[in-house]
Amino acid sequence: VIIESDFLARNTLLTFQDTMNFFKTILPLPGMLYLIALYHDTLIGHVSCIPRSEEKLSHVANIGYIVHANYRKKGVGSCLMEELIKRVKRHLSLN
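In this text, all values refer to a predicted model and were calculated from it rather than measured experimentally.

Asks: Would you mind going over the overall build of the chain with me for this structure?
Replies: When its secondary structure is counted, the chain shows two helices and three strands. Ordering the α and β elements of the chain from the N terminus gives α-β-β-β-α. When contacts within the chain are restricted to residue pairs at least 6 apart in sequence, long-range pairs at least 24 apart make up 36% of them. Of the roughly 7,200 Å² of accessible surface on the chain, a fraction of 56% belongs to carbon and sulfur atoms.

Asks: Explanation requested: the pattern of salt bridges in the structure shown.
Replies: As a working rule, side chains carrying opposite charge can pair if their charged atoms are close by. Under the criterion given, the structure shown has two salt bridges. The partner of Glu54 in a salt bridge is Arg52, with the nearest N and O atoms 2.9 Å apart. Given the relative accessible area of 35%, Glu54 is considered partly exposed. Note that Glu83 is salt-bridged to Arg87, the shortest N-O span being 2.8 Å. Of this pair, Glu83 and Arg87 are both found in helix α2 (residues 76–91), four residues apart, which corresponds to roughly one turn of the helix.

Asks: I tried to follow the layout of surface pockets on my own but got confused; where do I start?
Replies: A water-sized probe rolled over the atoms picks out the places where empty space is left. Quantified by volume, the second largest pocket comes out at close to 170 Å³. Looking at the second largest pocket, it is lined by twelve residues, and the ones nearest its centre are Tyr65, Val67, Arg72, Lys73 and Gly77. The set of elements that each furnish at least two residues to the lining of the second largest pocket consists of β3 (61–67) and α2.

Asks: Sorry if this is basic, but what is going on with a nonpolar patch on the surface here?
Replies: A cluster of nonpolar side chains, contributed by Ile36, Leu38 and Leu43, occupies part of the molecular surface with about 290 Å² of accessible area. Tracing the backbone through its elements, the reader meets Leu38 in strand β1 (residues 33–39).

The rules we used
Residues numbered from 1 in each chain as written. Predicted model: local features only at pLDDT ≥ 70, side-chain atom pairs only at ≥ 80, totals over all residues. Heavy atoms only, no water. Helix = DSSP H or I, 4+ residues; strand = E, 2+ residues; numbered from the N terminus. Contact = heavy atoms within 4.5 Å. Areas by Shrake-Rupley, 256 points an atom, 1.4 Å probe, with all protein chains shown as cover. Salt bridge = Lys/Arg side-chain N within 4 Å of Asp/Glu carboxyl O. Buried < 20%, exposed > 50% of the residue type's maximum accessible area, 1.4 Å probe, protein only. 1 Å grid on protein atoms, 1.4 Å probe; cavity = no way out; pocket = protein on both sides within 12 Å on 5 of 7 lines; lining within 4 Å. Points joined across faces, edges and corners; volume = space filled by probe spheres on them. Patch = residues over 30% accessible without salt bridge, like charges linked within 9 Å, V, L, I, M, F, W, Y side chains within 5 Å.

So, in structure tokens, the structure goes:
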């Protein structure tokens with residue numbers, strides 16, 4: 001469950017159900033990539049890439065990422081972005 005409210009556009013914390021609803025909506029999208037960073041079985045970051053579906057925007061994707069405050073400035077975000085770029089090049093055809 002996301003609890004770092006300073007980085008969210010919400011005034012209330014997300015519940016577990018909110019998080020599950022988000023995943024049920026976002027993960028089935030065509031071309032969606034969602035990667036997580038784990039450290040000793042603890043989720044410390046994630047990155048998502050959602051290709052735009054509009055014909056004139058097929059070369060565009062929305063990318064978002066976050067790294068837990070305790071693990072920032074340690075290269076986690078860079079690793080996530082590098083892996084995302086590799087996978088996008090392999091699996092998606094962003095024109």
